[in-house]
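# Reading the structure
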Amino acid sequence: QTFSHEHPPPLVSRHGARGVASRPLVRFQLLLLLVVVRMIALPLSFKSLDQGKYALELNWTTQKIGEIVHTQPGMKMVGFGNMLVEFPSTFQTMYFIPEARNRCKGMEDTADCPEVVRQPVKARSSDGLEMTISISFQWKLLPKSLKPLYEILGADLYKDEFVRFARSSIVESCSKFAADRYFTNRTEITAVMLERLTYNFRQAERDLAVEIKDVQLREVDLPDEFDEEIANTQEQMQEIEIAEAERDEQKISMEREMLVATEKVLQVAEEARGQAEKVRVENTAVVENMRNYRRWQALANGRILQRFENSTEPFQRLFEMMKIRALGDHNDSSLLINL
């Protein structure tokens with residue numbers, strides 16, 4: 001085969017031929033790498049949110065919190081490298097008690113721990129008496145407060161700030177009551193503490209919204225001298241209550257006796273009225289009987305006088321008639337002879 005000078009054959013070097021042949025291989029390798037990266041990145045773009053949790057999305061590259069607050073559990077698409085910052089969505093309990101009873105050893109300040117345990121609160125009563133208060137209450141974060149809370153205190157430090165809010169509320173509430181009221185009116189004190197805690201944990205200017213409930217005033221520790229006086233006072237109050245109870249019992253007994261006596265007087269008075277009515281009726285009957293007897297006797301005497309009215313000696317004539325009537329009515333068998 002011959003070649004002309006006008007059309008020389010193409011010159012291909014050994015290295016150029018190898019480079020052209022390797023291009024598809026590079027593309028394949030890039031495609032394979034992309035598939036592998038996607039297979040790895042896709043699972044890492046999903047995060048699981050457990051039941052009883054809220055969550056904010058934290059961008060890995062910018063380290064900023066997103067606007068979405070996740071309130072429902074399940075799988076969340078947050079993007080490669082991003083993460084969920086979790087907060088508790090259920091009621092948590094804060095204790096101010098002397099004994100250490102925290103069940104979250106090693107994770108006290110995390111979202112997985114439902115308890116915050118601190119030492120009792122030292123406060124003063126309105127009359128200046130120092131006291132130690134043991135108290136507990138329940139609190140729950142509201143979704144709208146999560147982002148402002150994270151931006152100010154992060155996901156871990158807010159519990160310490162809540163402890164400070166709670167101590168301030170308790171100290172302020174204690175200063176409104178005298179020491180003896182803690183033994184006689186704990187219901188009112190607890191209500192004031194709940195009101196103050198609610199106020200301090202709902203600060204609209206800071207976008208803080210925390211729900212408070214079930215405040216329990218567990219124990220009030222006062223100086224020993226005051227406790228002794230309180231014990232004496234309570235003993236005396238019990239004696240007063242016993243005396244008042246005995247007085248009420250005697251009063252009831254006397255009232256019962258007076259009621260019985262009153263009923264007896266009413267019975268006697270009723271019997272007396274009945275007897276008087278009986279005497280009146282009997283007397284009325286006797287008087288009426290006597291009046292009838294006298295009236296009929298007068299009528300009989302009048303008839304007798306009418307018969308002897310024209311006689312010259314009416315009385316002598318009357319006596320003779322009486323003798324004749326007596327003889328006529330005499331019964332011979334009734335004759336009694338005394339020898």
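Check the entry above for the structure.
Here we take up the sheet that holds strand E5 (residues 83-88). Sheet strands pair by backbone hydrogen bonding; their relative direction is either parallel or antiparallel. One open sheet holds the three strands; their spatial order is E3-E2-E5, and the pairing between them is antiparallel. Edge strands, defined here as strands with exactly one partner in the open sheet, are strand E3 (65-70) and E5. Strand-to-strand twist in this sheet, taken as the mean axis angle between neighbours without regard to direction, amounts to 25°. Note that strand E2 (residues 53-58) and E5 share six bridges and pair antiparallel. Bridge pairing links Leu58 to Met83 in E5.

Okay, helix H3 (residues 158-174) next. Counted at 1.5 Å a residue, the expected span for H3 with its 17 residues is 24 Å, and the 24 Å between its end C-alpha atoms agrees. Within H3 the residues assigned to the buried category are Tyr158, Lys159, Glu161, Phe162, Val163, Phe165, Ala166, Ser169, Ile170, Ser173 and Cys174.

One finds Phe137, Trp139 and Phe162 to be the most contacted residues of the largest nonpolar core, which totals 40 residues. Among the elements that line this core, the one with the most residues is H3, at seven residues. Trp139 has contacts with Thr90, Phe91, Gln92, Thr93, Met94, Val116, Tyr158, Lys159, Phe162, Val210, Glu211 and Ile212, leaving out every residue within four places of it along the chain.

All chains considered together, the criterion is met by 11 salt bridges. In this structure, Lys147 engages Glu67 in a salt bridge whose closest nitrogen and oxygen atoms are separated by 2.3 Å. Of this pair, Lys147 sits in helix H2 (residues 146-153) while Glu67 is found in strand E3, placing the two residues 80 residues apart along the sequence. Lys147 gets classed as buried once you look at its relative accessible area, which sits at 18%. Under the relative-accessibility criterion, Glu67 is labelled exposed at 65%. A salt bridge links Glu288 to Arg291, with the nearest nitrogen and oxygen atoms 3.9 Å apart.

The rules behind these values
Residues numbered from 1 in each chain as written. Predicted model: local features only at pLDDT ≥ 70, side-chain atom pairs only at ≥ 80, totals over all residues. Heavy atoms only, no water. Pairing = 2+ DSSP bridges. Helix = DSSP H or I, 4+ residues; strand = E, 2+ residues; numbered from the N terminus. Axes fitted to C-alpha atoms, helices over the stretch in contact; angles between N-to-C directions. Expected span 1.5 Å × (residues − 1). Buried < 20%, exposed > 50% of the residue type's maximum accessible area, 1.4 Å probe, protein only. Core = buried A, V, L, I, M, F, W, Y, C linked by side-chain atoms within 4.5 Å. Contact = heavy atoms within 4.5 Å. Salt bridge = Lys/Arg side-chain N within 4 Å of Asp/Glu carboxyl O.

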